[in-house]
Amino acid sequence: MEQHPSKERTLVIIKPDGVQRSLIGEIVKRYERVGLKLIGIKMAIPTREMAIKHYYEVGGDAWLEEVGRKARENYEKKGLQSPFATNMENGKAIMEANAKYLSSGPVVAMIWQGNQAVALVRKITGSTEPLSSDVGTIRGDLTLDTYQMSDLDQRSIRNLIHASGNVSEAEKEIPIWFEKAEILNYTHLQEKILYDVNLDGILE
Ligand code: ADP
Ligand code: MG
């Protein structure tokens, strides 16, 4: 039987800049108030190996190529030429920079569950570049980095959050960060009002 949509899970990591900006509470609040259920949370200082695993084992060469392609597009949009010969080379440089970024300090890893959790979390998080992220999103409201500045300073774009890009990414990422026993199965009382078909039990 197909899984009910309310059971979808996604991985969110508050990156080191989010922790250092004292935004843990603000960020958790935004995912919590939409109706998502928190089923796993921990603080960790990722090693470089862990960060590489997170990006490369999950996405592989296809992710390197895609992230490099997006970067090239960004250069071209601005009428600039990419300094990298291939998308793959650019992708590798971004992965190295990401490994440094993610392992630079404590992060908060979380699993959120709910209807279309992956897409919903992406919507609330906003697009990759904070300055062009929509107002109302976490990245758009709470920080200000740009590709222009991160390129100039040869580092990752600092955008507070990692959020799984699609369901298959989420399914691969969750076991990298969480043991089975750290994922909690429980009923949240608000699931009644969000998902219960009959709404029995409100009236006395
Ligand atoms: P998202 O986090 O929005 O899913 P990607 O999966 O494409 O974005 O990239 C992962 C992370 O790598 C981004 O969140 C960002 O920190 C960094 N990154 C991506 N593209 C670039 C780029 N062109 N320059 C610098 N950093 C980048
Ligand atoms: Mg991504």
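Here the structure is shown first, and the text comes after it.
Let me begin by describing the structure that accompanies this report. Fair warning: this is a prediction, and the values are worked out from it, not measured in the lab.

1. Some remarks on the overall build of the protein chain
Across its full length, the protein chain carries nine helices and four strands. Put simply, the protein chain runs from its N terminus to its C terminus through helices and strands in the order β-α-α-β-α-α-β-α-α-α-β-α-α. Its C-alpha radius of gyration of 18 Å places the protein chain within 12% of the 17 Å reference for a compact globule of 204 residues. Each principal axis of the C-alpha atoms in the protein chain carries an extent, and together these give about 70 × 35 × 35 Å. Looking at the 204 residues of the protein chain, the share that counts as buried comes to 44%. Sequence-distant contacts, at least 24 apart, represent 74% of the contacts inside the protein chain between residues at least 6 apart. Accessible surface computed for the protein chain: about 11700 Å², of which carbon and sulfur atoms make up 54%.

2. Notes on the packing of aromatic side chains
A full pass over the atoms with the stated rule returns two aromatic pairs. Taking 5.8 Å as the distance between ring centres and 50° as the angle between the ring planes, the aromatic pair formed by tyrosine 31 and tryptophan 112 counts as tilted. Note that tyrosine 31 is positioned in helix H2 (residues 24–33) and tryptophan 112 in strand S3 (residues 107–113), a separation of 81 residues in sequence. On the basis of relative accessibility, which here comes to 0%, the residue tryptophan 112 falls in the buried class. If you follow lysine 37 out to its NZ or CZ, it ends over the ring of tyrosine 186, 4.9 Å from the centre. Over the face of the ring belonging to phenylalanine 178 we find lysine 42, whose NZ or CZ atom lies 4.9 Å from the ring centre.

Rules used in this analysis
Residues numbered from 1 in each chain as written. Chains lettered and ligands numbered in written order. Predicted model: local features only at pLDDT ≥ 70, side-chain atom pairs only at ≥ 80, totals over all residues. Heavy atoms only, no water. Helix = DSSP H or I, 4+ residues; strand = E, 2+ residues; numbered from the N terminus. Rg over C-alpha atoms; globule rule 2.2 N^0.38 Å. Buried < 20%, exposed > 50% of the residue type's maximum accessible area, 1.4 Å probe, protein only. Contact = heavy atoms within 4.5 Å. Areas by Shrake-Rupley, 256 points an atom, 1.4 Å probe, with all protein chains shown as cover. Phe/Tyr/Trp six-rings, centres within 6.5 Å; stacked < 30°, edge-to-face > 60°. Lys NZ or Arg CZ within 6 Å of the ring centre and 35° of its normal.

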